[in-house]
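Per-entry structural report
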Amino acid sequence: MVKAVLLCALSLVVSVVSPTVAQPKPPVLTVYGAADLTVAFREIAALFEKGTGTKVVLVLGSTGNLAKQIEHGAPADIFFAANASFVDDLQAKGATISETRQLYAQGRIVLAVPRDSKLPIQRLEDLRRPDVKRIAIANPEHAPYGRAAQEALQAAGVWDALKPRLVYGENIRHALQFIETGAVDAGIVALSVADTPAVRYVPIDPALHAPLNQIAAVVKRSTRPELALAFLQFVNGPEGRPIMKRYGFLLPGDF
Amino acid sequence: MDAFPILLSFQVSLVATVLTLALGLPLAWVLARRRFPGHDVVEAAVVLPLVLPPTVLGYYLLVVIGARGPVGRLLGGLGIELAFTWRAAVLAACIGSIALLVKAAQAGFEAVDRRLEQAARTLGRSEWNIFWSVTLPLSWRAVFAGTVLAFCRALGDFGITLMVAGSIPGLTQTMPLAIYDYVQANQMREANLLSLVAVMTALLFLLGLGRLARLRF
């Protein structure tokens, strides 16, 4: 009896779940992108889908993780990194098509505080105030925006004083969540993700850090490199540019 | 909100749990009943997946089963792709959860009175038969508890799956990965809804299993 019930349950489960194994229908373009692109790329992908009839699958995450996955054969067609070094590394390993390597945007960083914060924070120097207990940045070891934050704090001459108060996010969105939840008093995040209801921000002078050049390249194992290239052009074309600008990216030709 | 991650997660966890049982029960039995050189090393090694950070474990796994890894190349030669497919998610779930089953089942087997097995042996039963007719019926509660733990661990796996299966929507994006993605995209409503669905389905499933377990085997 029990065996019969188990068998029934198992066959029911199998019949329910097996359709999910079916692969989506082509043409599908798989875009791997850095976490700072999350919001902008959802809009751009939707427009691209409408215009071309292609289905865009967005895989967004930390540039370092995504690069490792592409190196080990992830089914990406194109990779939008948050900096240059990871793409150069992939290129050296023969994982991307070198002729397609392209600067697609420049990122900016901002000084952000929880919206309801009473602290008068306008400049990096204000972070020295003793009532600023915790400051969030992305991990400078591997997150490009974290490195830029460190450079800016160093240029402002406050890095050594603030180091004991720093909290490292895994990536830029993680650092933002620290601020959004009020877990920290302030933080440095990408302008592209800072425009959320829970946060106020002021821009940081780009001269304080090395330019955040974001590089894209088509992945060698892509079966539709021309479609991948078309998406890359779309991001920097008449439809993509206004969206990228709206989310605070500087675009090639504008700087 | 898309139901795909929920279905995929249950598919992956069920297949992974079956696989975990198939590999873990014999291992637990050997650890409980046999002494051999390196016994203690194997016993300790079983729990190592719980010690390493999941994404790090996932990265090592990716190096082995990815397109450039030894196992990946071997399978690729046979025309089988493992990394970045739902099968990789199954493997990830298995590795993350097998320790829970093995430790529970081993403790269960060790608690069985050996004299009862001896009695069966004097009656001419084979070892295989003794396992199914004496050992397992006397230890099934421990095995069941381990199975439930393993299933839940499989359902919730994040780090290992993220690295070896990717978080590809509609292909390998399981429930935990989808929830994380929603949170990252600041779509908290969707994230909360999916979390709620995840918790409720898992709860119903576990309640059903619990009821099933109260039946006499």
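Residues numbered from 1 in each chain as written. Chains lettered and ligands numbered in written order. Predicted model: local features only at pLDDT ≥ 70, side-chain atom pairs only at ≥ 80, totals over all residues.

1. Some details on the overall build of chain B
Operational definition: Starting at the N terminus, helices and strands are each numbered in turn, a helix being any DSSP run of H or I of at least four residues and a strand any DSSP run of E of at least two. Placing C-beta atoms from the backbone, we regard two residues as in contact once those atoms come within 7 Å.
A tally of regular secondary structure across chain B gives 11 helices and 0 strands. Along the first, second and third principal axes, the C-alpha set of chain B runs to 65 × 40 × 30 Å. Considering only intrachain contacts with a sequence separation of at least 6, the fraction spanning at least 24 residues in chain B is 74%.

2. Quick look at the overall build of chain A
Short version of the rule: Exposure in this text rests on C-beta crowding, where 20 or more other C-beta atoms within 10 Å of a residue's own make it buried, 12 or fewer make it exposed, and counts in between make it partly exposed. The C-beta atoms are placed from the backbone.
Scanning chain A for helices and strands turns up 10 helices and 10 strands. Counting only residues that meet the buried cut, chain A has 47% of its 255 residues in that class.

3. Concerning the sheet that holds strand S4 (residues 102-107) of chain A
Residues and elements named next belong to chain A. Heads up, the rule is: Any two strands between which DSSP finds at least two bridges are classified as paired. As a rule, the C-alpha atoms of each element are fitted with a line to give its axis, helices using only the stretch in contact, and angles between N-to-C directions run from 0 to 180 degrees.
With mixed pairing, the 5 strands of this open sheet are ordered in space as S2-S1-S3-S10-S4. Bordering the open sheet on either side are strand S2 (55-61) and S4, each of which pairs with just one other strand. Along the sheet, successive strands turn relative to each other by an average axial angle of 20°, direction set aside. Bridge count between strand S3 (residues 78-80) and strand S10 (residues 212-218): 3 bridges; the pairing is antiparallel. Bridging across to S10, Phe79 finds its partner in Ala217. Here helix H2 (residues 38-52) sits on the sheet in contact with strand S1 (28-34) and S2, set at roughly 170° to S2.

4. Remarks on the environment of Pro140 of chain A
Tracing the chain through its elements places Pro140 of chain A in the loop between strand S6 (135-138) and helix H5 (144-155). A sequence separation of 74 residues divides Pro140 of chain A from Gln214 of chain A, and the C-alpha atoms of the two residues are 16 Å apart.

5. Side note on the confidence of the model for chain B
All names here are of chain B. Quick note on the threshold: The predictor attaches a confidence to each residue, and that confidence, scored 0 to 100, is pLDDT.
Chain-level statistics for chain B give a pLDDT mean of 92 and a share of 98% at 70 or above. At the level of individual helices and strands, chain B shows its lowest average pLDDT in helix H11 (residues 188-214), which scores 87, and its highest in helix H6 (residues 86-110), which scores 97. Scored as a complex, the prediction yields pTM 0.81 and ipTM 0.77.

6. A word on the interface of chain B and chain A
Rules: Residue polarity follows a fixed list, in which Ala, Val, Leu, Ile, Met, Phe, Trp, Tyr, Cys and Pro are nonpolar, Asp, Glu, Lys and Arg are charged, and the others, Gly among them, are polar.
Every contact between the two is made by 26 residues of chain B and, on the other side, 24 residues of chain A. Secondary structure elements with two or more residues in the side of chain B that touches chain A: helix H1 (4-33) and helix H4 (54-65) of chain B. Here the side of chain B that touches chain A gets 6 residues from one element, more than from any other, and that element is H1 of chain B. Looking at side-chain class alone, the side of chain B that touches chain A contains 17 nonpolar, 8 polar and 1 charged residues.

7. Examining the domain arrangement of chain A
All names here are of chain A. The following threshold applies: As used throughout, domain bounds are those supplied by an automatic or database domain assignment.
For chain A, the domain assignment lists domain 1 (27-106 + 211-246) and domain 2 (109-203). A separation of 27 Å is found between the C-alpha centroids of domain 1 and domain 2. With 11 residues of domain 1 at the interface, the matching set in domain 2 holds 12 residues. Put simply, the parts of the chain that give the side of domain 1 that touches domain 2 at least two residues each are H2 and helix H3 (63-71). At 3 residues, the largest contribution of residues to the side of domain 1 that touches domain 2 is made by H2.

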